[in-house]
Amino acid sequence: MTSTRSGVEIEVALDTALADDPATGRRTAELDAAEAFPEPFVDRLDAFGLPAYYVPTGWGGAVEDHELLLRLWRTVARRDLSAVVAHGKTYLGAASVWIAGDAGQAATTAARILEGGRIAWALSEPDHGADLLNGESTATAYRDGYRLEGVKWPVNNATRARYLTVLARTGKAGTGRGQSLFLVDKAALAPGTWRTLPKEPTHGIRGVDISGIAFQDAQLPANALLGAEGTGVETVLRALQLTRTLCAALSLGSGEHALRLAAAFAAGRIIQRRPLLGRAYPRAIVGRCAALLAAVEATALVSARSIHSLTGEMSVISAVVKALAPTLTDAMLGELAELLGARSFLTDVYAHGAFQKIGRDHQIVAVFDGSTPVNRSALVQQFPRLVKEFAAGTVDVGGLAKAVSPGSPPGPVDRGALALLSRRGCSLVQSLPALAASITAGAAPDGLAAHATALAVTTGKVHELMAGVAPAARPAMAAYELAAAYELCYAGAACLHTWSAERHRDEPLWDNGLWVRAALRALRARLAATLRLPAPGPEAGDDRIDDALAAHVAEAARTGAAVTPFGTPMLPADRS
């Protein structure tokens with residue numbers, strides 16, 4: 001089932017499918033207020049055929065392109081984050097099967113998904129959370145299979161999904177080889193051996209099935225085991241490199257929705273006979289938030305494409321993007337809320353209270369699939385290798401070239417190349433000094449060469465500080481701050497590379513390098529604050545960035561045009 005449409009055509013087709021109901025915004029608000037599952041949206045996603053993009057082409061799925069999947073999730077998230085959280089869980093639940101399952105398990109799982117089956121990922125437990133090594137659920141060898149006991153909670157879609165991939169202890173607790181992964185069909189279990197736990201009330205994503213499941217003497221067949229015994233945590237960690245990366249779509253869509261809402265309000269709100277956006281301070285907020293969103297977009301696209309071309313580096317890349325995207329988006333939401341004032345938290349005054357829903361819903365993105373501290377800790381563990389390879393200038397030139405070329409075919413995915421630790425560091429960041437030098441040597445837009453050079457210098461300083469971090473199971477707070485700084489360096493490199501690959505696009509955001517200059521200015525300011533350095537001074541042309549960006553975003557909010565350099569237009573149903 002291979003699609004012949006281009007990625008942009010598929011993305012636009014999905015947006016069209018979601019925009020055909022003029023009451024979408026009102027209905028979304030009603031479902032949220034009632035804490036009801038976003039069934040209408042999920043049904044549309046099924047009808048569109050989105051599940052086929054969760055299945056590898058070798059097992060009958062659609063185009064296996066993680067950039068495209070990220071774009072499709074972003075398209076849904078910019079209308080309703082709850083819907084993509086509810087629907088996309090099946091991809092998360094199935095990711096481990098594509099990595100560790102045998103041919104029979106993969107074929108069966110693919111068929112289930114293509115038929116509309118939902119799969120949940122049952123990892124967490126009430127007393128252990130993200131501590132996967134010490135989970136207490138057990139799978140004991142019994143007759144010709146396993147006997148499953150224990151509780152998994154909280155789990156997205158635990159009640160609604162028929163199938164689950166379940167992590168359970170088969171060996172010694174607290175050890176790397178003590179847990180195994182099982183593919184469980186609830187319908188095949190004997191009555192009374194399992195029960196779902198009640199849906200939990202949540203602050204955001206109110207209608208999503210956040211519940212749990214308890215097993216008692218549940219008999220599993222031998223072929224329920226995914227991979228070899230004791231490899232469960234390793235499989236999960238590899239799968240997380242895919243799922244954490246794609247979580248950036250949720251932040252990207254949420255940020256776009258919020259930016260459109262705030263810009264439209266600021267452009268139309270008249271105070272003392274002038275639009276709010278006619279004042280310098282509101283324009284600066286809109287410009288800065290548009291710049292941060294562009295940085296999130298460049299980071300997300302490069303990272304999703306890296307799944308295909310820099311697969312062995314995904315242990316670094318996935319940790320970076322999973323921490324960075326929600327952090328920058330939360331910062332955006334905070335600033336935009338200031339523009340909206342009371343309308344940022346009222347539920348029935350402006351756009352059906354969409355902004356306050358975005359704020360509540362998006363808070364969960366920084367938590368699931370490994371929280372921001374968890375991902376930064378994982379990055380800190382790789383500091384020695386990152387420092388070494390940065391000093392050596394190690395770059396996978398071919399893989400990097402593919403990663404930074406959004407829109408081009410990304411190539412196949414070798415899931416066997418997913419590694420728990422990157423042996424080559426991070427090609428994107430390690431290429432930054434040479435890239436900055438090439439931009440400086442060329443004909444760069446106003447101020448861009450200065451921004452690029454300054455970013456490269458600061459990136460070198462970050463690595464010097466990283467070299468002084470001693471390996472530790474529980475890193476000091478300073479190490480987490482350096483991880484946050486590294487993320488910003490990565491984002492800056494992503495912006496520079498994607499601009500370099502696309503510098504001749506004749507669009508407003510690309511004129512005189514507008515978006516990339518704005519993004520670098522914003523990232524450098526955050527880098528200085530993170531490192532407790534003096535704020536960087538303005539570069540040539542910086543004084544014109546905010547006015548140009550704010551004007552573009554306001555017009556895009558009115559017409560539905562793209563608000564980011566690689567974005568697509570948004571049809572009018574949800575712009576009220």
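Residues numbered from 1 in each chain as written. Predicted model: local features only at pLDDT ≥ 70, side-chain atom pairs only at ≥ 80, totals over all residues. Heavy atoms only, no water.

Colleague: For this particular structure, what's the right way to read helix H16 (residues 432-441)?
Modeller: For an α-helix, 3.6 residues make a turn, and residues three or four places apart therefore share a direction. Taken residue by residue, H16 has Leu432, Leu435, Ala436 and Ile439 as its buried positions. Summarising the axial view, the buried residues of H16 lie within an arc of 100°, below the 170-degree limit, and thus occupy one face. When the buried face of H16 is taken as reference, the exposed residues oriented beyond 90 degrees from it are Ala434 and Ala441. For H16, the elements touching its buried residues are helix H15 (427-430), helix H17 (448-467) and helix H18 (477-501). (Buried < 20%, exposed > 50% of the residue type's maximum accessible area, 1.4 Å probe, protein only. Helix = DSSP H or I, 4+ residues; strand = E, 2+ residues; numbered from the N terminus. Arc of directions from axis to C-beta. Contact = heavy atoms within 4.5 Å.)

Colleague: Looking at this model, I keep getting lost on the pattern of salt bridges. Mind explaining?
Modeller: Side chains that differ in sign of charge can pair as their charged atoms come close. Taken as a whole and assessed by the stated rule, the structure comprises 33 salt bridges. Across the pair Glu335 and Arg288 runs a salt bridge whose closest N-O atoms are separated by 2.7 Å. Linking Glu335 in helix H10 (residues 314-340) with Arg288 in helix H9 (residues 280-309), this pair joins segments that are 47 residues apart in sequence. What you see here is one network of salt bridges that share partners, running through Asp15, Arg74, Arg78, Arg79, Glu256, Arg260 and Glu297. (Salt bridge = Lys/Arg side-chain N within 4 Å of Asp/Glu carboxyl O.)

Colleague: Would you mind showing me how to read the pairing of strand S4 (residues 163-169) here?
Modeller: In summary, the side chains of a regular strand alternate between the two faces of the sheet. Among the 7 residues that make up S4, 6 are buried, leaving the element largely enclosed by the rest of the structure. By the bridge criterion, 4 bridges tie strand S1 (residues 119-122) to S4 in an arrangement that is parallel. Following the sheet pairing, Ala122 is matched in S4 by Val166. Across 7 bridges, the pairing between S4 and strand S5 (residues 179-185) is antiparallel. The residue bridging Thr165 from the neighbouring strand is Leu183, located in S5. (Pairing = 2+ DSSP bridges.)

Colleague: What is the right way to read the nonpolar core from this model?
Modeller: Soluble globular proteins tend to bury their nonpolar side chains together. The biggest cluster of nonpolar side chains holds 162 residues, and the ones touching the most others in it are Trp73, Leu259, Leu336, Leu496 and Trp515. Here this core takes 16 residues from H9, the largest share from any one element. When residues no more than four places from it in sequence are discounted, the contact partners of Trp73 are Leu50, Tyr54, Val84, Gly88, Tyr91, Leu92, Leu246 and Ala249. Core analysis: the second largest hydrophobic core is formed by 20 residues, Tyr146, Ala161, Ile213 and Ala218 among them. (Core = buried A, V, L, I, M, F, W, Y, C linked by side-chain atoms within 4.5 Å.)

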